[in-house]
Amino acid sequence: MRQLLRAVIFGILGYLIGATLTWLVRGGSLGDEVCVVFGYVVGLVGWLFGIGMGDTWVREWFGLPARESDVTGWKRYLGFSTDHKVIGVQYLATFIVVLLLGGVAAMIIRFELAQAGEGILNADRYNQVMSMHGILMVAVAVAAILGSFGNYLVPIMIGADDMAFPRLNAVTFWLIPPVAIGLLAAPTLGSFDAGWTAYPPLSVVNNGGQILFVLAVTTFGLSSILGGLNVITTIVTMRAPGMTWGRLPIFVWAAFAASMISLLTTQFFAASLVLIAMDRVAGTVFFDGGAGGDPLLYQHLFWFYSHPAVYVMVLPGFGLVLETITHMSRKPLFAYKAVVVSLLTIAGLSVIVWAHHMFTSGMAEYLHGPFMFATEMISVPTGVIFLSAMATLWRGKLWMKTPLFFAMIWIFQFLMGGVTGIFLADVVTDVSLHDSYFVVAHFHYTIMGGMIFAFLTGIFFWFPKITGRMINDRLGIIFALWLTIGFQLTFLPQFWLGTNGMNRRIADYPDQLEGANLFSSISAFFLGGSFLLLIYILLSAARRGPKAGDNPWNASTLEWQVSSPPPEHNFSGQPTVVGHPYGYGTADSRHAEFAGMTAVGLAEPEQAGTGEGGDNE
Amino acid sequence: MSDNSHDTAGLMTVIQRGWFTAGALAVLTLVEYVVATTVDAPTLWLLPFIVAKGGLILEVFMHSSDLKTLDGGNA
Amino acid sequence: MAMTTTPEAVHSRAEATYRPAANRLGLWLFLASETFLFSAFISSRFVVSGTDQPEHLNQGLALLLTLLLLWSSISAFRAEAAMAHDNRRLFHREMLTTIVLGALFLVGVGVEFNEALTDFPANTIYGSSFFMLIGLHAFHVLTGILALGVVWNLGRLGHYGSDNHWPVEGVVKYWHFVDLMWVAIYPTLYLFGGS
């Protein structure tokens, strides 16, 4: 608590010092964007120093002994903890809150769109709410799975006691709150209204809130880069003896592929935003067509990150869903090697497809064909992952609990997103569909369907491990169905709306589209309501759910072989990996052995008392 | 620290390698400059210089070969 | 939320800090990521202004800066080799040389910026790329100098030895990386346009 308070005070002081000094040096007014930039940077440093980076890290740079925080219990979650499990939970809680905030913005948007003409918001205000919804949800999509489950599961799954760089890991998380504060503070400078994509020239000339957007999102990018660096280093250097690359659980591979993308390409997003900031405050002319600049440069830089970012969102989702499916259908993951190759291929291909977002931008004609081809190539490895999921389920002993419900719904959702994506990858259809509600529906199916549903799969599957308590399964399934039905009713009509001429990012639309919009809005409120049930389910289970025991799902991977929640350094003895992680159905197949213990991770254990396997054979 | 004379000799060998590399880099830089100021549209001419200089820095100064031994050793 | 400094805590930290494989890989990944940042700005320069360059480029100063950076590379290299062989005196001297040369480089950049402000200010398209790229590189030189200073000070206090000098190796690798980026930036801004 004291750390957090100190961080806030140092952050505010830092902001004031940075802004005031800049103002003294260059004159003008204290609210100028230059002052905001320097204030933010110094404030960010103050925040990090205050939260505990100073005590546990910076002191060493000056030859002083580091001071460790000796907090225990729930207060660890409010401070600079280097335990990867604490950081995973911090990410989880933070991004559920951000998800709900973004959801509130979505409700406001649908409220405005329920009727044609100007409703509760004028056109400017609508753009601001829409931009806020976009960037908050993109942040959730990029970091929620990799930040929470990536941190929590990767070290345990590979048999390590922590991440490779625990202190860097803590810094990576504590860079997130300033992002949220920066974005939510933007209305004080007139908000930002250029969408989450922040295309110039608008983003160079609009209100001052845009500079806070630029600063906050750049900070967020820094956090993603450092997080990706940590995950990769952990996977490469910290694996337990016997944990060969061919024995890694599939989620670890997915986190590895996604981290590669976020480590490298995020720099392009940072670069594009820095150029925006330079054009705004330093008088450069990168995006000023009149002075020889080129607004399209921004789109190239931006999509060079932001298309691969889609795979930062969904690859870890693939991992969570495949894990859940293989454990809960009691079968080895089908075509493990092909899935690994597909994950890496997607990561590789993701950086050569970006310009399919720009078919109507006026970029050179000769780029259309290659980018269309490369984009459609991605459906091949994605198809392999679908086939693996389906074939693993095929003739499995399906254990129809909430996580498997979500995983199976995920297959449908992402299939919808994938199939509608083909029309957008194809130049001839994209020319008409670009910037229509068809696109909105498409990416909500891929991102919300592909990422949020996988996130929920992960929450319901690993909740017993993280909290040590079981979730009420009946309520979980009700939530899954409620959310799914609400989702279809909200977004299916939007495909129709898009093909009938409704533009995205515009507060108004032709009168004849009012009926479908009203229907979509009412469904959206129904959809939003389901999240209240989610909060109730999680809070009530965390408070008084039945004890879960170490391994309620009888799963074979390492995280299930330790207590729930796991002890401080994950394992009491050094685990040694002796076999494939998913040896279900194979007699005497074992994943790991612990020093001083007999074999664990048996392939065909008895079904747990908490549920029964459906017998589909 | 134990065998000082041996250490000094080893150090000299390493440092000599560094000086050779630096010398090569300096020569490459000067030739690069001369090429750039005499040739019309020198971009393609200069690319080999960039690759050679970058390669030398990576190999000798940055010890890029240590990348080969980074795997945790149980692959 | 009390803070304590127990010997055990210090000990566990020290262990965590000295894990060569993880540290090396982590730094290489960071540098790979940085390479993408530099390539974003370098490619931006080609997108907006091709290889055009103005008449009034101070070629002599740029060549001097290049050689200055090269000189600092060899002194950094010597500092690392010295620490790897437990030669504290040489380490001490070469680290200081590197820092001074880095500072001189920054002074040179200042002179260069001052001339550029009149010849091709930031509101021209070449000037935009020029200030952006040189500024980004100078920022890395500055952080490199600060890191060198920290490591020099810790080395002076006797924190490193031949079998325990990862921070020296790391900061020197970073310094060479900054030089490596200059190898690409220098022709991008000064040479590709011809004379």
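Residues numbered from 1 in each chain as written. Chains lettered and ligands numbered in written order. Predicted model: local features only at pLDDT ≥ 70, side-chain atom pairs only at ≥ 80, totals over all residues.

S.K.: Please provide a residue-by-residue account of the overall build of chain B, values included.
M.R.: The helix and strand inventory of chain B stands at two helices and zero strands. Relative to its full complement of 75 residues, chain B shows a buried share of 17%. (Helix = DSSP H or I, 4+ residues; strand = E, 2+ residues; numbered from the N terminus. Buried ≥ 20, exposed ≤ 12 C-beta atoms within 10 Å, placed from the backbone.)

S.K.: So what's going on with the overall build of chain A? Which residues, and what values?
M.R.: For chain A, the count of helices and strands is 18 helices and four strands. Expected size for 617 residues packed as a compact globule is a radius of gyration near 25 Å; at 24 Å, chain A falls within 12% of this value. Principal-axis analysis of the C-alpha atoms places the extent of chain A at approximately 70 × 65 × 45 Å. When each of the 617 residues of chain A is scored for burial, the buried share is 58%. Taking contacts inside chain A between residues at least 6 apart in sequence as the whole, the part at least 24 apart equals 78%. (Rg over C-alpha atoms; globule rule 2.2 N^0.38 Å. Contact = placed C-beta atoms within 7 Å.)

S.K.: Provide a residue-level description of the interface of chain A and chain C, including the pertinent values.
M.R.: Contacts between the two partners involve 44 residues from chain A and, on the opposite side, 36 residues from chain C. If you list the elements that add at least two residues to the side of chain A that touches chain C, you get helix H1 (2-26), helix H2 (33-61), strand E1 (68-69), helix H8 (209-237), helix H9 (250-282) and helix H10 (295-328) of chain A. Counting residues per element, the side of chain A that touches chain C draws most heavily on H9(A), which supplies 10 residues. Among the residues making up the side of chain A that touches chain C, the classes are represented as 25 nonpolar, 12 polar and seven charged. (Nonpolar A, V, L, I, M, F, W, Y, C, P; charged D, E, K, R; others polar.)

S.K.: Hey, could you go over the environment of A:Leu532 for me, with residue numbers and the actual values?
M.R.: Its location among the elements puts A:Leu532 in helix H18 (residues 514-544). Distance in space between the C-alpha atoms of A:Leu532 and A:Gly289 is 48 Å, their sequence separation being 243 residues.

S.K.: Can you lay out helix H5 (residues 125-156) of chain C for me, pointing to particular residues and giving the numbers?
M.R.: For an α-helix the count is 3.6 residues per turn, leaving residues at separations of three or four pointing the same way. If you check H5(C), its first and last C-alpha atoms are 46 Å apart, about what 32 residues at 1.5 Å a residue would give, namely 46 Å. Phi turns positive, to about 85°, at C:Gly158, one or two residues after H5(C). (Expected span 1.5 Å × (residues − 1).)

S.K.: Residues and numbers for the environment of A:Met328, please.
M.R.: All names here are of chain A. Among the structural elements, Met328 can be located in helix H10. Assessed through the 29 C-beta atoms surrounding it within 10 Å, Met328 is described here as buried. The spacing of Met328 and Ala407 is 79 residues in sequence and 9.9 Å in space, taken between C-alpha atoms. Look past the residues within four positions of Met328 in its chain and what remains in contact with it is Leu398, Trp399, Lys401, Pro403, Leu404 and Trp553.

S.K.: An account of helix H6 (residues 166-191) of chain C is requested, with residue identities and associated values reported.
M.R.: When the terminal C-alpha atoms of H6(C) are compared, their 37 Å separation across 26 residues agrees well with the 38 Å that a helix rising 1.5 Å per residue should span. Among the 26 residues that make up H6(C), 22 are buried, leaving the element largely enclosed by the rest of the structure.

S.K.: Tell me about the packing of helix H16 (residues 437-467) of chain A against helix H17 (residues 473-499) of chain A, and name the residues and values.
M.R.: All names here are of chain A. In contact at an axis separation of 8 Å, H16 and H17 are set at 165° when each is read in the N-to-C sense. One way to sum up the angle between H16 and H17 is to call them roughly antiparallel. For the pair H16 and H17, the crossing hand works out as left-handed. Residue-level contacts link Tyr437, Phe438, Val439, Val440, Ala441, His444, Tyr445 and Phe460 of H16 to Gly476, Phe491, Gln494, Phe495, Leu497, Gly498 and Thr499 of H17. Looking at side-chain class alone, the contact of H16 with H17 contains 10 nonpolar, five polar and no charged residues. (Axes fitted to C-alpha atoms, helices over the stretch in contact; angles between N-to-C directions. Parallel < 35°, antiparallel > 145°, perpendicular 65-115°, else oblique. Left-handed = near helix turned anticlockwise from the far one by under 90°.)

S.K.: Describe the packing of helix H4 (residues 123-157) of chain A against H8(A), with residues and values.
M.R.: All names here are of chain A. It is at 11 Å that the axes of H4 and H8 come closest, and there the two elements cross at 25°. By the angle between their directions, the pair H4 and H8 is classed as roughly parallel. You can see that H4 and H8 cross each other, and the crossing is left-handed. Residues Ile135, Ala139, Val142, Ala143, Leu146, Gly147, Gly150, Val154 and Pro155 of H4 form the contact with H8, whose participating residues are Phe213, Val217, Phe220, Ser224, Gly227, Val231, Thr234 and Ile235. Each residue belonging to the contact of H4 with H8 can be placed in one class, and the counts come to 12 nonpolar, five polar and no charged.

S.K.: Explain the domain arrangement of chain A residue by residue, including any values.
M.R.: Residues and elements named next belong to chain A. Parsing chain A into structural domains produces domain 1 (1-80) and domain 2 (81-544). Inter-centroid distance (C-alpha atoms) of domain 1 to domain 2 is 29 Å. With 16 residues of domain 1 in contact, the opposing surface of domain 2 contributes 18 residues. Considering only residue class, the side of domain 1 that touches domain 2 consists of 12 nonpolar, two polar and two charged. (Domains from an automatic or database assignment.)

S.K.: Account for the confidence of the model for chain A, naming residues and giving values.
M.R.: Low pLDDT marks stretches whose predicted atomic positions should not be read closely. When pLDDT is averaged along chain A, the result is 91, and 96% of the positions lie at 70 or above. Overall, residues 602-617 of chain A carries pLDDT values under 50, and its contacts beyond four positions in sequence, including any with other chains, amount to 33 contacts. (pLDDT = per-residue confidence, 0-100.)

S.K.: Residue-level account of unusual backbone geometry, with values.
M.R.: Of note, the bond from A:Pro200 into A:Pro201 is cis; its omega dihedral lies within 30 degrees of zero at 0°. With respect to the secondary-structure elements, A:Pro201 resides in the loop between helix H6 (176-185) and helix H7 (202-205). Here A:Ser564 and A:Pro565 are connected by a cis peptide whose omega angle stands at -10°. Here A:Pro565 is to be found in the loop between H18 and strand E2 (575-577). Within the chain, A:Ser191 stands out as a residue other than glycine whose phi angle is a positive 65°. Tracing the sequence through the fold places A:Ser191 in the loop between H6 and H7. When the 22 C-beta atoms within 10 Å are taken as the criterion, A:Ser191 is described as buried. Phi is positive for B:His63, which is not a glycine, with a value near 50°.

S.K.: Residue-level account of the confidence of the model for chain B, with values.
M.R.: In the predicted model, chain B carries a mean pLDDT of 84, and 83% of its residues have values of at least 70. In the model, residues 1-5 of chain B has pLDDT below 50 throughout and makes two contacts with residues more than four positions away in sequence or in other chains.

S.K.: Give me the lowdown on the environment of A:Gly119, citing residues and values where you can.
M.R.: In this fold, A:Gly119 is placed in the loop between helix H3 (84-113) and H4. A C-alpha to C-alpha distance of 55 Å links A:Gly119 and A:Pro581, two positions 462 residues apart in sequence.

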